[in-house]
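Chain by chain, the residues:
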Amino acid sequence: MSQSAVLHIKGRVLVGPDDVRDELWAVDGRVTFERPPAALGATVLEGWVLPGLVDAHCHVGLDAHGAVDEPTTEKQALTDRDAGTLLIRDAGSAADTRWVDDREDLPKIIRAGRHLARTRRYIRNYAHEIEPGDLPAYVRREARRGDGWVKLVGDWIDREHGDLTACWPRGALEAAIAAAHEEGARVTAHCFAEESLRDLVEAGIDCVEHATGLTEDTIPLFAERGVAIVPTLVNIATFPQLAAGGEGKFPRWSAHMRALHARRYETVRAAYDAGIPVFVGTDAGGSLPHGLVAEEVAELVRAGLPPLEALSATTWRARTWLGRPGLEEGAPADLVVYEADPRADVRVLAAPRHVVLRGRVVQ
């Protein structure tokens, strides 16, 4: 990792979608737009500059079987970093990743604690598996362990019904979300299907992951309450494969998953058109590899989001939503440099020229 104390970043610095500067400086790891005294010896980088990308649904420290060891966690975080992702909202992990905070070469992680799921209603080794009466107490505990978020599993396959069903009664959700808010945390939930969405929103939830079950009945409710969604379209792309694997045992579930997949782009576009905040998340770390943020941005564009909005969903607007600065005076110098204008073609995000983390060139 480069040890230069001063960087001079030149070209087109996209401080905001309509705020373009000619240059910025990174001095002792911080952004400044003032020419520093040590400018003469600065390392110079040139290109189109964005604040470090955000993956708002990314499981560092987790794989398909549960928590992973520190070397594997490190590899996951480095893969995200080298793809330009410098801020991660870890939407649930069974691993303790606090040690990552001490690493100056790894992305910042905003943690949601461990998933909270109904007993035997989620992926093995992922969640605290509990019953509704215990949910508020567990929410408080995970809120105190996390970084301002708590993650619920809102629905999952119910083997008795052979399909996706809601995991929590309305009263438990209301008590749990109220408890999280009292602890100063926001709440998000994994939801594939339609059934759980109204109860979650009316109970006060702040965000929903995947949200493939949105319909013309619930989209206005989300918009009215300002509930954000993180569609994770690169994950939804796996639904046909999942459906094929469960066809013999759970045909209703398989058909449901295929239907959710078939209308995924229509659902996301309808949500965006209604004014629902949409953010970029890849769901990396379960069955998916890390480093997919550029693919997810491209998927949002395929769904019908304007390219600038899809770009903002992983940069300026995403950082504001998560309460983290972008390219501001005095902010950490976390940025990515590209060969061409990503506003014109979001596919540019797949090939960073330079990645700068805390003022140091790491890629």
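This is a predicted model, so every value here is computed, not measured.

A.B. asks: Lay out the sheet that holds strand S4 (residues 43-51) with the relevant residues and their values.
C.D. replies: The seven strands lie next to each other as S3-S2-S1-S4-S18-S19-S20, forming an open sheet whose pairing is mixed. The open sheet has two edge strands, strand S3 (30-32) and strand S20 (360-361), and neither has a second partner. Of the strand pairs in this sheet, S4 and strand S18 (residues 335-338) are connected by four bridges, and their pairing is antiparallel. In the sheet register, Pro-51 faces S18, and the bridge partner there is Leu-335.

A.B. asks: Residue-level account of a positive patch on the surface, with values.
C.D. replies: Residues Arg-120, Arg-124, Arg-159 and Lys-249 make up a contiguous surface patch of positive charge. Take Arg-124: it is sitting in the loop between strand S10 (116-118) and strand S11 (128-130).

A.B. asks: So what about the nonpolar core? Which residues, and what values?
C.D. replies: With 78 residues, the main nonpolar core has Leu-135, Val-139, Leu-152, Ile-205, Phe-222 and Leu-300 as its most contacted residues. Here this core gets six residues from one element, more than from any other, and that element is helix H3 (residues 170-182). Discounting chain neighbours no more than four positions away, the residues touching Ile-205 are Ile-177, Val-187, Thr-188, Ala-189, Leu-200 and Val-227. In this structure, Val-13, Val-49, Val-337 and Val-361 belong to the second largest nonpolar core, which totals 15 residues.

A.B. asks: Could you give an account of the packing of helix H7 (residues 239-246) against helix H8 (residues 251-262), naming the residues involved and the relevant values?
C.D. replies: When two helices pack together, you describe them by how their axes are tilted relative to each other and by the distance separating the axes. Remark: H7 packs on H8, axes separated minimally by 8 Å, with the N-to-C direction vectors making an angle of 170 degrees. Classified by the angle between their axes, H7 and H8 sit roughly antiparallel to one another. Only Pro-251, Trp-253, Ser-254, Met-257, Arg-258, Leu-260 and His-261 of H8 make contact with H7, whose side of the interface consists of Phe-239, Pro-240, Leu-242, Ala-243, Ala-244 and Gly-246. Its residues assigned to classes, the contact of H7 with H8 shows nine nonpolar, three polar and one charged.

Rules used throughout
- Residues numbered from 1 in each chain as written.
- Predicted model: local features only at pLDDT ≥ 70, side-chain atom pairs only at ≥ 80, totals over all residues.
- Heavy atoms only, no water.
- Pairing = 2+ DSSP bridges.
- Helix = DSSP H or I, 4+ residues; strand = E, 2+ residues; numbered from the N terminus.
- Patch = residues over 30% accessible without salt bridge, like charges linked within 9 Å, V, L, I, M, F, W, Y side chains within 5 Å.
- Areas by Shrake-Rupley, 256 points an atom, 1.4 Å probe, with all protein chains shown as cover.
- Salt bridge = Lys/Arg side-chain N within 4 Å of Asp/Glu carboxyl O.
- Lys, Arg positive; Asp, Glu negative; His and termini not counted.
- Charge placed at Lys NZ, Arg CZ, Asp CG, Glu CD.
- Core = buried A, V, L, I, M, F, W, Y, C linked by side-chain atoms within 4.5 Å.
- Buried < 20%, exposed > 50% of the residue type's maximum accessible area, 1.4 Å probe, protein only.
- Contact = heavy atoms within 4.5 Å.
- Axes fitted to C-alpha atoms, helices over the stretch in contact; angles between N-to-C directions.
- Parallel < 35°, antiparallel > 145°, perpendicular 65-115°, else oblique.
- Nonpolar A, V, L, I, M, F, W, Y, C, P; charged D, E, K, R; others polar.

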